[in-house]
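Okay, here's what each chain looks like letter by letter:
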Amino acid sequence: MNQQLKTTLKRLKLSGLLSSLEVRLQESQGNQLSHLEFLELIISDEIALREDRAIERRISTAGFRELKTIEDFDFRFNPSINRSQIMELATCKFIRQQRDILFMGPPGVGKSHLAQAIGHQAAKMGNIVLYRSIFDTVGELNQAAALNESDKAMRRYLRPDLLIIDDMGLKKLPTPAGEYMFEIIMRRYALRSTIMTSNRPLEEWGRLVGDVPTATAILDRFLSRADIIQITGKSYRLKDNACKKKNEHGKNDNN
């Protein structure tokens, strides 16, 4: 490949085509491909690279705490989780239907993993995803209010095809939390999908946000289009910590 052609492809931002062109030229010669067949190959290479980069950008901008996948999840450890139901959610049909999901259960049973794994799958399928803990959400909106940028910050939470709000119930939230949550849920209702996770019963949400009527309004709107997935059983984190300690003891015994 001559330098002028390389320069031209770079100017046209055809990096996928550039990276595979020499291999495709050899393939074309070896298999006696027609001009049309060769053109289809190099165009497919460019499209594939652009799609991969788009997926990487969507995953990066989603802001996941950890890059979790459905394939990584150990369904055998906790049989209370309906694998078929989770795999159905991973098809992201619920996003096309503008439905919501609420994962409930004690700490460590896999709520955050499943929420992020579904979000990861949604991003791979072309959806705009935003992941935030409830504390990050309230903190960001509080800061935006102080800078008189509330509308701009709120748009960030309204735009995604899938919004994931994690960690509801870990501790009591600041006073504006209920107002923020109500606006997010109300304005996304029946337009965009939202996943929430909580380790507290629904009847305790009023105390968490410090406003029972607002919490009731949030739940009334959110639950009308939400699938509630209740998870019970053992903690994955406790299991992992136990395994680490066991391995550490084993190393120490061998020393």
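One structure accompanies this document, and this report is about it. This structure is a prediction, so every number in the text was calculated from the model and none was measured.

## Examining the pattern of salt bridges
Link 1 in the chain: Here the structure, examined in full by the defined rule, presents 13 salt bridges.
Link 2 in the chain: With a shortest N-O distance of 3.9 Å, Arg65 and Asp166 are connected by a salt bridge. In this pair, Arg65 sits in the loop between helix H3 (35-62) and helix H4 (83-89) while Asp166 sits in strand S3 (residues 162-168), placing the two residues 101 residues apart along the sequence.
Link 3 in the chain: Residue class for Arg65 comes out partly exposed when judged on its relative accessible area of 44%.

## With respect to empty space enclosed by the protein
Link 1 in the chain: All chains considered together, the criterion is met by 1 cavity of 30 Å³ or more.
Link 2 in the chain: Here the largest cavity defines a volume of roughly 40 Å³.
Link 3 in the chain: In terms of lining, the largest cavity is formed by Asp100, Ile185, Arg188, Tyr189, Ala190, Arg192, Thr194 and Phe222.
Link 4 in the chain: The residue makeup of the lining of the largest cavity, split by class, is 4 nonpolar, 1 polar and 3 charged.

## A short note on the packing of helix H1 (residues 3-11) against helix H2 (residues 15-31)
Link 1 in the chain: One can describe the packing of H1 onto H2 by two numbers: an axis separation of 9 Å at closest approach and a directional angle of 150 degrees. Within the contact between the two elements, H1 uses Leu5, Lys6, Leu9 and Lys10 and H2 uses Leu17, Leu18, Leu21 and Glu22.
Link 2 in the chain: Grouping the amino acids of the contact of H1 with H2 by side-chain chemistry returns 5 nonpolar, no polar and 3 charged.

## Brief notes about helix H9 (residues 177-188)
Link 1 in the chain: The end-to-end C-alpha separation of H9 is 16 Å, in line with the 16 Å expected for 12 residues at 1.5 Å each.
Link 2 in the chain: The secondary structure elements touched by the buried residues of H9 are helix H7 (134-146), helix H8 (150-158), S3, strand S4 (193-198), helix H10 (205-209) and helix H11 (212-223).
Link 3 in the chain: Looking at the residues trailing H9, positive phi occurs at Ala190, about 65 degrees.

## A word on the nonpolar core
As a rule of thumb, soluble globular proteins bury nonpolar side chains together.
Link 1 in the chain: Residues Ile86, Phe103 and Ile195 are the most contacted members of the largest nonpolar core, which totals 31 residues.
Link 2 in the chain: Sorting the residues of this core by element identifies H3, H4, helix H5 (93-96), strand S1 (100-104), helix H6 (111-124), strand S2 (129-133) and S3 as the ones contributing at least two each.
Link 3 in the chain: Per element, the largest residue contribution to this core is 6 residues, and it comes from H6.
Link 4 in the chain: If we ignore the near neighbours within four places in the chain, the residues touching Ile86 are Ile70, Phe75, Ile81, Phe103, Leu114 and Ile229.

What counts as what
- Residues numbered from 1 in each chain as written.
- Predicted model: local features only at pLDDT ≥ 70, side-chain atom pairs only at ≥ 80, totals over all residues.
- Heavy atoms only, no water.
- Salt bridge = Lys/Arg side-chain N within 4 Å of Asp/Glu carboxyl O.
- Helix = DSSP H or I, 4+ residues; strand = E, 2+ residues; numbered from the N terminus.
- Buried < 20%, exposed > 50% of the residue type's maximum accessible area, 1.4 Å probe, protein only.
- 1 Å grid on protein atoms, 1.4 Å probe; cavity = no way out; pocket = protein on both sides within 12 Å on 5 of 7 lines; lining within 4 Å.
- Points joined across faces, edges and corners; volume = space filled by probe spheres on them.
- Nonpolar A, V, L, I, M, F, W, Y, C, P; charged D, E, K, R; others polar.
- Axes fitted to C-alpha atoms, helices over the stretch in contact; angles between N-to-C directions.
- Contact = heavy atoms within 4.5 Å.
- Expected span 1.5 Å × (residues − 1).
- Core = buried A, V, L, I, M, F, W, Y, C linked by side-chain atoms within 4.5 Å.

Coordinates in, geometry out; function isn't part of it.
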